[in-house]
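Architecture and fold: a report
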Amino acid sequence: MLWDHDGTSAYGTAATARFFVIVEQPGPWGRDAARESHLDRELGAELESRTSRAGGRFMLIRRPGGHPAHDGPRHVFVAHAGARPEDAWLLVAEVDQVGDLLGLDWGGLARGSRALVQASLLGSRPAEPTLLVCTNGRRDVCCAVRGRPLAAHAARVAPGRAWEVSHTGGHRFAPTAVLLPWGQTFARLDEQASEWLLGASESGHLPVELLGPLHDRGRSGVTGPAQCAESHVRAETGETRLAALWADAPEAADDGWDVTVTHADGRRWHVRVTREPVGRTRPESCGKKAVEVLEHRATIVEAWF
């Protein structure tokens, strides 16, 4: 694909979400997976609506490989990304009836209260960091062609910690993936990269090889300009610990945004972020018409140590 090698920055392109509600749904998915799968259409629409209204993102997952539809218990993941990565958490449960998720403590989930959510989701328990690879060919054929082999490889490397997912956005950067619980989102992955991610995330780190604008799309818990600033500082400092850096809410400036990025050791950076055309057009996903390419750009204006 053209996006693979043209150097377009992926900074600031993660879908913004404070939390995630994720349901295992085998079988085929349509473009709008929540309403076009073997999951009851009205239930899928209601779960997606409740999740969105509370500031989160609803997605479907399935095990890599064949996708035969079947009944029985389903895995459910609930993750809170948090404004700061140190606040992130991930729960998993097996449910017999997906409709039971309507009983989630949605207010507690929006506030990031693991205790309240765990109390409302029977049988839930903490889960290991989990990688979700976009494979929904009905949304973008490149996600299926590129994502499914990647998801299958990752699942062989770390059984139970890698799944196919219905939608991550950013199809132009396929294969794309989201690392839970942090909502850290990635572009242009390959099999080696998935191994690095699964290994490093076990101890709350990112692989140093994936820092920088080629692969790092940003962290979902903050908005695009803040994602860009945080990712830029992370790459400049080589900081791999997820909990070590966080960006504050961006403040509008004449030509973009001002963002303060803080390190757990007390260092701070004032980062100016802009969104600018790069002077070329590209299709946003496979088979779509070409559009003008814009990218987030970051400059460190001042640093305090």
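For the structure, see preceding data.
Residues numbered from 1 in each chain as written. Predicted model: local features only at pLDDT ≥ 70, side-chain atom pairs only at ≥ 80, totals over all residues. Heavy atoms only, no water.

Tallying each qualifying case throughout the model produces 14 salt bridges. Between Glu48 and Arg35 there is a salt bridge; the shortest N-O distance is 2.3 Å. Here Glu48 is found in helix α2 (residues 41–53), whereas its partner Arg35 is found in the loop between β1 (19–24) and α2, with 13 residues between them in sequence. Using a relative accessible area of 25% as the deciding quantity, one classes Glu48 as partly exposed. Its relative accessible area of 27% is what places Arg35 among the partly exposed residues. When salt bridges that share partners are traced, they join Asp32, Arg35 and Glu48 into one network. (Salt bridge = Lys/Arg side-chain N within 4 Å of Asp/Glu carboxyl O. Helix = DSSP H or I, 4+ residues; strand = E, 2+ residues; numbered from the N terminus. Buried < 20%, exposed > 50% of the residue type's maximum accessible area, 1.4 Å probe, protein only.)

The next subject is the side chain of Glu239. Position of Glu239 among the secondary structure elements: in the loop between α7 (224–237) and β11 (245–247). What makes Glu239 buried here is its relative accessible area of 10%. Among the polar contacts listed, one links the side chain of Glu239 to the backbone nitrogen of Arg241, at a separation of 2.9 Å. A polar contact is formed between the side chain of Glu239 and the side chain of His263, at a distance of 2.8 Å. Excluding its chain neighbours within four sequence positions, the residues that come into contact with Glu239 are Leu211, Arg234, Ala244, Leu245 and His263. (Polar contact = N/O pair within 3.5 Å; in protein donor to acceptor, adjacent residues only side chain to side chain. Contact = heavy atoms within 4.5 Å.)

Turning our eyes to something else, we now look at helix α6 (residues 191–201). For α6, the complete set of buried residues consists of Ala193, Ser194, Leu197, Leu198, Ala200 and Ser201. The distance from a side-chain oxygen at the start of α6 to the backbone nitrogen of Gln192 is 3.3 Å, and the residue carrying that oxygen is Asp190.

Here the focus is unusual backbone geometry. Note the cis peptide between Ala174 and Pro175, where omega equals 0°. Tracing the sequence through the fold places Pro175 in the loop between β7 (162–165) and β8 (177–180). The omega torsion of the bond from Leu180 to Pro181 falls at 10°, within 30 degrees of zero and hence cis. By secondary structure assignment, the location of Pro181 is in the loop between β8 and β9 (184–186). One non-glycine residue, Arg188, lies in positive phi territory at about 55°. Along the chain, Arg188 turns up in the loop between β9 and α6. The class for Arg188 is buried, based on a relative accessible area of 9%.

A word on the sheet that holds strand β10 (residues 216–219). The mixed open sheet is built from 10 strands, whose spatial order is β5-β4-β3-β1-β2-β7-β6-β8-β9-β10. Looking along the sheet, the strands with just one partner apiece sit at the ends: β5 (125–126) and β10. Pairing of β1 with strand β2 (residues 56–62), which is carried by six bridges, proceeds in the parallel orientation. Of the residues in β2, the one forming a bridge with Glu24 is Ile61. This element, α6, spans β6 (130–134), β8 and β9 of the sheet and lies at about 155° to β6. (Pairing = 2+ DSSP bridges. Axes fitted to C-alpha atoms, helices over the stretch in contact; angles between N-to-C directions.)

Looking now at the packing of aromatic side chains. Evaluation of the coordinates by the stated rule reveals two aromatic pairs. Centre to centre, the rings of Phe77 and Trp163 are 5.9 Å apart; their planes meet at 75°, and the pair counts as edge-to-face. Of this pair, Phe77 sits in strand β3 (residues 74–80) while Trp163 sits in strand β7, and the two are 86 residues apart along the sequence. Residue class for Trp163 comes out buried when judged on its relative accessible area of 2%. Note on Trp269 and Phe305: the rings are 6.1 Å apart at their centroids and 90° apart in plane angle, and the pair reads as edge-to-face. (Phe/Tyr/Trp six-rings, centres within 6.5 Å; stacked < 30°, edge-to-face > 60°.)

The next point concerns the nonpolar core. Ranked by internal contacts, the top residues of the largest apolar core, which has 25 residues, are Val21, Phe58, Val78, Leu101, Leu104 and Leu109. Listed by contribution, the elements that provide at least two residues to this core are β1, α2, β2, β3, β4 (89–95) and α3 (106–111). Apart from the residues lying within four places of it in its own chain, the contact partners of Leu101 are Val21, Val23, Leu47, Val76, Trp106 and Leu121. Counting 21 residues, the second-largest nonpolar core is a separate cluster that includes Ala88, Leu150, Leu189 and Leu206. (Core = buried A, V, L, I, M, F, W, Y, C linked by side-chain atoms within 4.5 Å.)

β6 sits mainly inside the fold: five of its five residues count as buried. Residues Thr130, Leu132 and Cys134 of β6 are buried on one face, and the alternating residues Leu131 and Val133, pointing to the opposite face, are buried as well. Two elements, β6 and β8, share four bridges in a ladder whose sense is antiparallel. Bridge pairing in β8 places Leu132 opposite Val178.

As a further point, take the side chain of Asp258. Of note, Asp258 is situated in strand β13 (residues 256–263). A relative accessible area of 19% places Asp258 in the buried class. Setting aside residues no more than four positions away along its own chain, Asp258 makes contact with Ala249, Pro250, Glu251, Ala253, His270, Val271 and Arg272.

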